[in-house]
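The primary structure of each chain is shown beneath.
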Amino acid sequence: MARKKIALIGGGQIGGVLAQLIAIRQLGDVVLFDIVEGLPQGKSLDIVEASRVDGFDVSIKGTNDYKDLDGSDLVIITAGLPRKPGMSRDDLLTVNAKIMKSVAENVKQYAENAIVIVISNPLDAMVTLFQKVSGFPSHRVIGQAGVLDSSRFATFISWELGVSVKDVNAMVLGGHGDTMVPIVRYANVNGIPVMELLERKYKDAAKAKEVMAAMVKRTKMAGGEVVELLKTGSAFYSPASSAIAMAEAILYDEKRIMPTCAFLQGEFGVNGYYVGVPTILGAKGVENVIEFSLDDEEQAALDNSVNAVKGLVADMERLGF
Ligand code: TXD
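Residues numbered from 1 in each chain as written. Predicted model: local features only at pLDDT ≥ 70, side-chain atom pairs only at ≥ 80, totals over all residues. Heavy atoms only, no water.

### A short note on the overall build of the protein
When helices and strands are tallied, the protein shows eleven helices and twelve strands. For 321 residues, the compact-globule estimate of 2.2 N^0.38 gives 20 Å, and the protein sits close to it at 19 Å. For the protein, the spread of C-alpha atoms along the principal axes amounts to about 60 × 50 × 40 Å. In the protein, which comprises 321 residues, the proportion classed as buried is 51%. A fraction of 68% describes how many contacts in the protein between residues 6 or more apart in sequence connect residues 24 or more apart. Of the roughly 14,600 Å² of accessible surface on the protein, a fraction of 51% belongs to carbon and sulfur atoms. (Helix = DSSP H or I, 4+ residues; strand = E, 2+ residues; numbered from the N terminus. Rg over C-alpha atoms; globule rule 2.2 N^0.38 Å. Buried < 20%, exposed > 50% of the residue type's maximum accessible area, 1.4 Å probe, protein only. Contact = heavy atoms within 4.5 Å. Areas by Shrake-Rupley, 256 points an atom, 1.4 Å probe, with all protein chains shown as cover.)

Right, dumping it as structure tokens:
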């Protein structure tokens, strides 16, 4: 069987890590595209020159020419500016929408059958725009945010409880902004509710709630925490790993349930918007949206997050996109 072809649009911080992870995991041949001359070529050469050491046979081609996308099975998009300290993701809207529009036109022309994972911020708006410009069926256009936000939440829970993060299941839904919705009620360690474990640890329900509230808050602000520390850009290792998990679910038809920025048509009471929800990811992209009942507080938090996404999409339309 021929190897899959994976195109990475944007050869910056996340794009470079994506290329290396794909190579090491031998997920497919990589085309790394960027508008900056030499950058994708240099990174590709650098990564591939470790092929003997890492032991991979895939090819990695750096390019400034969209023609090289021809026939790609999967496209992962990181093109666009990252945040600087003090900026919100939404501040990136104008500049990144312009970039995303041109990316979508070119992906449509050269990789019309690909499944597309968008990573660029502001995420929910960028996925919406890509789908609109490309006209690709919405199940083939998705965004990565929830896998990372959920992993951040799980990491904080594992530190707090002193358990392996591998045993923590925690999910974050909603838009990829400060209104995102960590779902506390279903957070568990090997099936045991996290809240029960916190109550046992502190022998005090109020204290347990307080500790959870702090973890929820840190999860929501986790991207900004990294931005403040780095000063020159935003998180890139963890977003790349998260997109790779989604890519593997698609390439290996795993049918994994992952929080995905997916197009909703009535699910969770949302119609016609891209929002983070649990989906089944497989060879066709989003194969199903998994609905479950939210309590009043969770539904209100999700509605609030959806309203933020709606506002962003409206702003984008007002700007002419
Ligand atoms: O979880 C998530 N979804 C995210 C998203 C988590 C962290 C960061 N997230 C966003 O990803 C971030 O806010 C940015 O919008 C993107 C990419 O972040 P990265 O850290 O990789 O940014 P870089 O290093 O600046 O890389 C962006 C590259 C850079 O090399 C530019 O030259 C290139 O994008 N670029 C383009 N490539 C192709 N085509 C066009 N038009 C273009 N314009 C810029």
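That covers the picture; the talk isn't over yet.
### A closer look at unusual backbone geometry
In the segment running from N121 into P122, the intervening peptide bond is cis, with an omega of -10°. Checked against the element boundaries, P122 lands in the loop between β5 (115-118) and α5 (123-134). The backbone phi angle of K231 is positive, close to 70°, even though this residue is not glycine. Within the secondary structure, K231 sits in the loop between α9 (222-230) and α10 (237-251). Even without glycine at this site, F268 takes up a positive phi of about 55°. Judged by its relative accessible area of 5%, F268 falls in the buried class.

### Focus on the pairing of strand β12 (residues 285-289)
In terms of strand pairing, strand β11 (residues 271-282) meets β12 through four bridges, oriented antiparallel. Across the sheet, L281 pairs through a bridge with V286, a residue of β12. Connecting β11 to the antiparallel partner β12 that follows it, the hairpin turn spans two residues. (Pairing = 2+ DSSP bridges.)

### A look at the site of the ligand
Taken together, 29 residues surround the ligand, and among them Q13, I14, D34, L81 and Q144 come closest. Between the ligand and G12 there is a distance of 3.5 Å, counted from an oxygen atom to a backbone nitrogen or oxygen. Within the backbone of G80, a nitrogen or oxygen atom sits 3.3 Å from an oxygen atom of the ligand. Taken by itself the ligand offers 870 Å² of open surface, and the protein chains cover 90% of this. Of all the secondary-structure elements, those providing two or more residues to the shell around the ligand are α1 (13-24) and α4 (93-110). Take the shell around the ligand: its biggest share by element is three residues, from α4. Broken down by class, the residue content of the shell around the ligand amounts to 15 nonpolar, 13 polar and one charged. Split by domain, the shell around the ligand shows at least three residues from each of two domains, domain 1 (5-143) and domain 2 (145-321). (Near = heavy atom within 4 Å. Polar contact = N/O pair within 3.5 Å; in protein donor to acceptor, adjacent residues only side chain to side chain. Nonpolar A, V, L, I, M, F, W, Y, C, P; charged D, E, K, R; others polar. Domains from an automatic or database assignment.)

### Looking at the packing of α4 against α5
Taken N-terminus to C-terminus, the directions of α4 and α5 make an angle of 35°; their axes are 9 Å apart at the nearest point. Between α4 and α5 lies a crossing whose hand is right-handed. Of the residues in α5, those touching α4 at L93, N96, A97, M100, K101, A104, E105, V107 and K108 are A125, M126, L129, F130, V133 and S134. When the residues that make up the contact of α4 with α5 are grouped by side-chain class, the tally is ten nonpolar, two polar and three charged. (Axes fitted to C-alpha atoms, helices over the stretch in contact; angles between N-to-C directions. Left-handed = near helix turned anticlockwise from the far one by under 90°.)

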